[in-house]
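Survey of secondary and tertiary structure
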Amino acid sequence: MVRLESQENLPMLRSLRSVCLALVLGAGSAAASDPLLSPAALREDIALAREALERIHPGYERYTARRELDALWEAIETDTPRRWEDVYIDLSRVLAAVRCDHTKAELPKAAVEARATAPVYLPFRFRLFEAGDRPRMIVLASAIPGVERGDEILEIDGDPVADRIAPALDLIPVDGFTDHVRGVQLAATGEFLGSGFDHFDPLLNDVPPTVVLRVGRDGDQRTVTGQRIGFDAFRAIETGERRVRNLSDDGAVELDFPAPGVGVLSVATYVNYRTPVDPHERYAPYFEAIRERGVHTLILDNRRNGGGSTDAQEALVSRLITAPVRTVAEVRVKTIDLDGLREHLGTWDATALNPPAEIFDRSDDGWWILKPEFGGGGPAIEPHPESFGGRLIVLTSRGNASGAATTLLAMKKTGRANLIGEATGGAQAGPTANIIFFLT
C-alpha cells in the first residue's frame, strides 16, 4: 500500500483501502519526532476519507442511516492537534457503523513496524464465549507462567474483562447485522495485527509492559503478574490449531474417511492470491479419492474458513453441485465517476480507476449495474464433469463470512445439503468484495 506524508511531514491518516468499492481507512507513516496530526492536515484527510466513502462505498447507507453516519464524522475533533491513535479509533468507529466486514482501518506503517517488538500484546491466546453482558475470556494457549489452557481471565490490570472487551468489540466491523460474530474477530483474526483485542486495546488504554491478571478456574481465583510481549512473540504462541493462510498451504485441504462410504473434506481457506494455484488442480486428488472410496455421504467442514478468493470458492462449489447455481443476483457500483478522487486512488486492477461506461447499465435508482456479459449477476457456476452427486452435510461456524458464506449459500441452493453448526457471518445482501482500492 502506498502511503504519502503531508507537506508538513506529519503522520497522516491518508491510506484508505476498499474491497469492491468498500473502503478501508488507515494511517500513513507516523513521524516519531512529531506524533501529532495538525488541525489543517487532519481536516483535509477526514474530508477526503468521508467523500470517498460517501461517493464510492456501495453499502455506505445500507445498514446505517446517513444522519447517524454524519454525526459520527462530525464528532471527530479536527480543531486541535491530536494523536493519530485517537483519530484512528474515531475512524474505526465510523467504519464499524458502515457494517462492512471488508472495510477496516489499518495501522500506520511506523506502528506496524514498532509492534514487531513493542510489548503491548497479552502473553496468551484466548477464545471469547458468551459475548454480551458477561463475556468470558478463556485461555487457549499461554506464554506466561501461572496461566494455562482452560483458565478464565477475569481482570486485566485491575479492570474487569468485560470493561476492556466492550470498547474494542464496538470497533469490530461485521457484515450487516451479524453482530454475533464480533467475538470471533475480537479473539482471533488475520484482518488485524493480532487478535482484534490486542489490535485495539493498546490504542484505547495505556498498557504497561507488566500485566497483572486475575485468573479463575473451577471457582478458585489467583493473581498472576507477567510481561506483555511483541507481535512476533505473540504469533509464536501455539494454540494447537493449524494456521493456514493460503489454499496452497499444507493443511488447507484435508480428507478423512471416518466410516465406509463417508468422507469428511475440510477446506480451511479460499485465499488464493498470495501464492496462487489452480484451484481445480488443488481439489482434484481429493475428489478422485472420494470417487475411488465410493463415498455416498460427504461432510464439508467449512468451520475454519473465513473466505478468500472467488476462483477457489467457485471451483469447490462446481465439484459439489449437479445443476448450475447462481450466487450473485447482480453487481452494483455506486459511481464510475472518480474525478477528484482518482489521483488519490490505487488498486490491483487499474481498469477500475477508469471503468468504461459501456460495460454498465444505468438503473432507475441511479446505480451502475455491471452487464452480465462482463461478470455482473453471474454467470452461474456450472457443475464440474466429475462433481459429487451424493448426500451433502456442511458444517458451519461464526467464523464463516465473505466467500465462505457465499459457498454456504450455494450449498443451500442445491437443495441437497444439510447445514449444521453455528449462525454465520456474511450479510444476506451479499459481500461487497470484488475490487480493492487504496486511497492515499
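Conventions and cut-offs
- Residues numbered from 1 in each chain as written.
- Predicted model: local features only at pLDDT ≥ 70, side-chain atom pairs only at ≥ 80, totals over all residues.
- Heavy atoms only, no water.
- Axes fitted to C-alpha atoms, helices over the stretch in contact; angles between N-to-C directions.
- Helix = DSSP H or I, 4+ residues; strand = E, 2+ residues; numbered from the N terminus.
- Parallel < 35°, antiparallel > 145°, perpendicular 65-115°, else oblique.
- Left-handed = near helix turned anticlockwise from the far one by under 90°.
- Contact = heavy atoms within 4.5 Å.
- Patch = residues over 30% accessible without salt bridge, like charges linked within 9 Å, V, L, I, M, F, W, Y side chains within 5 Å.
- Areas by Shrake-Rupley, 256 points an atom, 1.4 Å probe, with all protein chains shown as cover.
- Salt bridge = Lys/Arg side-chain N within 4 Å of Asp/Glu carboxyl O.
- Lys, Arg positive; Asp, Glu negative; His and termini not counted.
- Charge placed at Lys NZ, Arg CZ, Asp CG, Glu CD.
- Polar contact = N/O pair within 3.5 Å; in protein donor to acceptor, adjacent residues only side chain to side chain.
- 1 Å grid on protein atoms, 1.4 Å probe; cavity = no way out; pocket = protein on both sides within 12 Å on 5 of 7 lines; lining within 4 Å.
- Points joined across faces, edges and corners; volume = space filled by probe spheres on them.
- Nonpolar A, V, L, I, M, F, W, Y, C, P; charged D, E, K, R; others polar.
- Pairing = 2+ DSSP bridges.
- Phe/Tyr/Trp six-rings, centres within 6.5 Å; stacked < 30°, edge-to-face > 60°.
- Lys NZ or Arg CZ within 6 Å of the ring centre and 35° of its normal.
- Core = buried A, V, L, I, M, F, W, Y, C linked by side-chain atoms within 4.5 Å.
- Buried < 20%, exposed > 50% of the residue type's maximum accessible area, 1.4 Å probe, protein only.
- Expected span 1.5 Å × (residues − 1).

1. Some remarks on the packing of helix H3 (residues 84-98) against helix H7 (residues 196-204)
For the pair H3 and H7, interaxial distance at closest approach is 9 Å and the crossing angle is 130°. Classed by the angle they form, the pair H3 and H7 counts as oblique. Crossing angle aside, the handedness with which H3 passes H7 is left-handed. Contacts between H3 and H7 involve Trp-84, Glu-85, Tyr-88, Ile-89 and Ser-92 on the former and, on the latter, His-199, Phe-200, Leu-203 and Leu-204.

2. Some thoughts on a negative patch on the surface
On the surface, a cluster of negative charge is made up of Asp-278, Glu-281, Asp-311 and Glu-314. Along the chain, the position of Asp-311 falls in helix H10 (residues 310-318).

3. Digging into the side chain of Arg-99
Relative to the helices and strands, Arg-99 resides in the loop between H3 and helix H4 (109-114). Here the side chain of Arg-99 touches Asp-179 through a polar contact of 3.1 Å, side chain to side chain. Those residues in contact with Arg-99, other than ones at most four positions away along the chain, are Tyr-63, Thr-64, Val-174, Asp-175, Gly-176, Phe-177, Asp-179 and Arg-182.

4. Looking at the layout of surface pockets
In this structure, the second largest pocket encloses a volume near 330 Å³. Of all the elements in the fold, those that place two or more residues in the lining of the second largest pocket are H3, H4 and H7. Among the elements that line the lining of the second largest pocket, the one with the most residues is H7, at three residues. Looking at the lining of the second largest pocket residue by residue, the classes come out as nine nonpolar, one polar and four charged.

5. Some words on the sheet that holds strand E12 (residues 262-267)
Across the sheet, which stays open at both edges, the five strands sit in the order E11-E12-E13-E18-E19 with mixed pairing between neighbours. This sheet does not close on itself; its edge strands, each paired only once, are strand E11 (253-259) and strand E19 (417-421). Between one strand axis and the next, the sheet turns by 20° as a mean value, whatever way the strands run. Summarising the sheet, strand E18 (residues 391-396) and E19 pair through five bridges and their orientation is parallel. Within the sheet, the bridge partner assigned to Thr-396 lies in E19 and is Gly-421.

6. Looking at the packing of aromatic side chains
For any pair of aromatic rings, geometry is given as the distance between the ring centres together with the angle between the planes. Taken as a whole and judged by the stated rule, the model has nine aromatic pairs. Each residue in the set Trp-84, Tyr-88, Phe-192 and Phe-200 is aromatic and connected to the rest through ring pairs, giving one cluster. Taking NZ or CZ as reference, Arg-125 lies 4.3 Å from the ring centre of Phe-234, over its face. Of note, Arg-293 hangs over the ring of Phe-257, and the distance from its end group to the ring centre comes to 4.1 Å.

7. Re the nonpolar core
Counting 57 residues, the largest nonpolar core has Trp-73, Ile-153, Ile-156, Phe-200 and Leu-213 as the members making the most contacts within it. The element best represented in this core is H3, accounting for nine residues. The next biggest cluster of nonpolar side chains, apart from the first, holds 31 residues, and it includes Leu-316, Val-317, Leu-320 and Ile-321.

8. A short note on helix H11 (residues 402-414)
Here H11 spans 19 Å end to end across 13 residues, near enough to the 18 Å set by a 1.5 Å rise per residue. A large share of H11 lies buried, amounting to 10 of its 13 residues. Every buried residue of H11 is listed here: Ser-402, Gly-403, Ala-404, Ala-405, Thr-406, Thr-407, Leu-408, Ala-410, Met-411 and Thr-414. Along its buried surface, H11 packs onto H10, E18 and E19. Trailing H11 by a residue or two, Gly-415 shows a phi angle of about 75°, which is positive.

9. Describing the environment of Arg-217
Tracing the backbone through its elements, the reader meets Arg-217 in strand E9 (residues 210-217). Note on Arg-217: relative accessible area 35%, which makes it partly exposed. Taking the C-alpha atoms as reference points, Arg-217 and Ala-312, 95 residues apart in sequence, are found 42 Å from one another. With sequence-adjacent residues up to four places away left out, Arg-217 is seen in contact with Glu-148, Arg-149, Gly-150, Asp-151 and Arg-222. A polar atom in the side chain of Arg-217 sits 3.0 Å from the backbone oxygen of Arg-149.

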